[in-house]
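Examination of the molecular architecture
Each chain, letter by letter, is given below.
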Amino acid sequence: MSIDHRRLGRELNLFDSDPLIGAGLPFWLPAGAAARHEVESYLYDLERRAGYRHVYSPALGKRRIYELSGHWHNFADDMFPPMRVGEDELVLRPSLCPHHALIFRSRGRSYRDLPLRIAELGPMYRAERSGVVGGLSRVRSMLLNDAHIFCAEEQAGAEVAGVLALMRQAHAALGMGPVSYRLSLRGPGKRYGGDDGSWARAEELLRGALADAGVEYVAVPGEAAFYGPKIDIQVADPSGREWTLATVQIDYHQPERFELEYADRSGGRGRPVMVHRSLAGSMERLFGHLIEVHEGAFPVWYAPIQLAVLPVGADQDAAARRFAAEAAGLRVEVIHDGSVGARIRDHHRVPYLAVIGAREAESGEVALRLRDGSRLDPMPGAAAIELIEAAARDGRQAGAEVRARP
């Protein structure tokens, strides 16, 4: 039976929806929010260490900004209609790139500032039809892991290569499994911005970065963004359907439309190349995929509950609560309802279970049960906590989940 993230997400209390909020507008419950926060924090730290500078920008702007960027001309059918506010027409943004272009333009820039890597985990909106929205995969409101690199043309190839390496690291840590690469190019019957020369240069830079990375790819005409070609990183769900979760694109069009400039080495004016990239796409589509790939049993570092403490009876409740308090650095819950066997079955997706019986309560030791059904030898509570913290830390840092043994 195929895994459906919509069913499993509700069963595990990760997310839900309500007709009063509207179709394509899911809300995140505490368990899902905990996992999502951990992933967002990881991506933020990964980007910061790679030299990205994080910003915040508004979720809407004047219609004019999207006319300049080209979104209004090429993408209006997927945008929400303008809202009249006094003399202004404000639009919910379908993309973050126009705002980041204006952030670049807000200050004088020099070649010494380049590459300037601007990142944001920001909201954006798409006017998806009611018949196609559902779960987390097709939504109208999303939070995008996004960034734009402003660089000289001769720096663009190395920047794309760096993005591809950062993607591999993030995908390994998330446990996303194998990916495939698609070079999305222009095709007939669609509208594109820019001139043939800039498109040819952008395609050459992307092909060079893919060759340097040693990855195989398939060229797909007609799948480019309206402003430039792109590399789409594809993942397959358990049913074999492919999704685009990450992308890197080269854009000459918007820097020209927004008249972006920097002072070059000769004292003249240069125009930057704009590299668009997302390591993991929107949090909604990402978690729709992760729920299905892991069947709700997330890696230790972003599991909603990392440790479940199960007192055998009422006499062990105080000891269970003391142990949970000592493990407050983890996401820990004390589970009381039902028999011990039923609680173990109901929480089989939790990475670590600690059953506290009379012997454990008296000795202060715990015998951890793992997701695969195996048990570790009894150990002091502090040692058990350190083991779980190390497993989470190693999985987050090394790009792979590590199940530690004492």
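Note: the structure precedes this text.
Description of the structure in this document. (Residues numbered from 1 in each chain as written. Predicted model: local features only at pLDDT ≥ 70, side-chain atom pairs only at ≥ 80, totals over all residues. Heavy atoms only, no water.)

A look at the layout of surface pockets
Size it by volume and the largest pocket reaches roughly 1,500 Å³. Looking at the lining of the largest pocket, the elements with two or more residues in it are α4 (71-75), β8 (141-151), β11 (230-236), β12 (242-251) and β15 (273-278). With six residues, the top contributor of residues to the lining of the largest pocket is β12. Looking at the lining of the largest pocket residue by residue, the class counts come to 18 nonpolar, 13 polar and 15 charged. Of the pockets and cavities examined, the second largest pocket occupies roughly 480 Å³. Forming the boundary of the second largest pocket are 17 residues, of which Leu12, Ala31, Ile305, His347 and Val350 lie nearest the centre. (1 Å grid on protein atoms, 1.4 Å probe; cavity = no way out; pocket = protein on both sides within 12 Å on 5 of 7 lines; lining within 4 Å. Points joined across faces, edges and corners; volume = space filled by probe spheres on them. Helix = DSSP H or I, 4+ residues; strand = E, 2+ residues; numbered from the N terminus. Nonpolar A, V, L, I, M, F, W, Y, C, P; charged D, E, K, R; others polar.)

Some words on the environment of Arg257
Along the polypeptide, Arg257 turns up in helix α8 (residues 253-257). A residue is classified by how much of its surface remains accessible, and Arg257, at 36% relative accessible area, is partly exposed. Taking the C-alpha atoms as reference points, Arg257 and Thr247, separated by ten residues in sequence, lie 22 Å from one another. Discounting chain neighbours no more than four positions away, the residues touching Arg257 are Glu67 and Leu68. Looking at Arg257, its side chain comes within polar contact range of the main-chain oxygen of Glu67, at 3.3 Å. (Buried < 20%, exposed > 50% of the residue type's maximum accessible area, 1.4 Å probe, protein only. Contact = heavy atoms within 4.5 Å. Polar contact = N/O pair within 3.5 Å; in protein donor to acceptor, adjacent residues only side chain to side chain.)

Observations regarding the packing of aromatic side chains
Within the structure shown, the criterion is met by nine aromatic pairs. With a centroid separation of 4.7 Å and 25° between ring planes, the pair formed by Phe104 and Phe150 is classed as stacked. On the criterion of sequence distance, the pair formed by Phe104 in helix α5 (residues 97-105) and Phe150 in strand β8 is long-range, its members being 46 residues apart. Owing to a relative accessible area of 1%, Phe104 belongs among the buried residues under this scheme. Plain terms: the ring middles of Phe287 and Phe298 are 5.9 Å apart, the flat faces sit at 90° to each other, and that makes the pair edge-to-face. Pair noted here: Phe287 is in helix α9 (residues 283-294) and Phe298 is in the loop between α9 and β16 (307-311), with a separation of eleven residues, a long-range link. (Phe/Tyr/Trp six-rings, centres within 6.5 Å; stacked < 30°, edge-to-face > 60°.)

Structural notes on the environment of Ala324
By the secondary structure assignment, Ala324 is in helix α10 (residues 317-326). For Ala324, a relative accessible area of 13% puts it in the buried group. On a C-alpha basis, the gap between Ala324 and Ala209 in space is 49 Å, while along the polypeptide they are 115 residues apart. Non-local contacts of Ala324, meaning those with residues more than four positions away in its chain, are made with Val309, Val332 and Val334.

Brief notes about the pairing of β8
Counting buried positions over the eleven residues of β8 gives ten, a clear majority of the element. Sheet analysis places strand β7 (residues 116-125) next to β8, joined by ten bridges and oriented antiparallel. Across the sheet, the residue bridging to Leu116 is Phe150, located in β8. (Pairing = 2+ DSSP bridges.)

Examining the nonpolar core
Side chains of a nonpolar character, in soluble globular proteins, are inclined to be buried together. If you look at the biggest cluster of nonpolar residues, it comprises 78 residues, and the most contacted ones within it are Ile231, Leu307 and Leu368. Sort the elements by how many residues they give to this core and helix α6 (residues 153-174) lands first, with nine residues. Among all residues touching Ile231, those that are not within four sequence positions of it are Val160, Leu164, Tyr181, Arg182, Leu183, Leu206, Leu210, Ala246, Thr247 and Val248. (Core = buried A, V, L, I, M, F, W, Y, C linked by side-chain atoms within 4.5 Å.)

Thoughts on unusual backbone geometry
Of note, the bond from Leu114 into Pro115 is cis; its omega dihedral lies within 30 degrees of zero at 0°. Within the secondary structure layout, Pro115 lies in the loop between α5 and β7. If you check the backbone angles, Asn13 has positive phi at about 60° while not being a glycine. Counting through the fold element by element, Asn13 comes out in the loop between α1 (5-11) and β1 (15-16). Residue classification places Asn13 among the partly exposed positions, given a relative accessible area of 47%.

A word on the sheet that holds strand β17 (residues 332-334)
The four strands lie next to each other as β17-β16-β18-β20, forming an open sheet whose pairing is mixed. Each edge of the open sheet carries a strand with a single partner, namely β17 and β20 (368-370). Each neighbouring strand pair of the sheet contributes to a mean axis angle of 25°, computed without reference to strand direction. Relative to β17, β16 runs parallel, the two being bridged by three bridges. Within the sheet, the bridge partner assigned to Ala308 lies in β17 and is Glu333. (Axes fitted to C-alpha atoms, helices over the stretch in contact; angles between N-to-C directions.)

Digging into helix α2 (residues 30-49)
In this model α2 runs 28 Å from its N-terminal to its C-terminal C-alpha over 20 residues, within 8% of the 28 Å that 1.5 Å per residue would give. For α2, the full list of buried residues reads Gly32, Ala35, Arg36, Glu38, Val39, Glu40, Tyr42, Leu43, Leu46 and Glu47. Phi turns positive, to about 95°, at Gly51, one or two residues after α2. (Expected span 1.5 Å × (residues − 1).)

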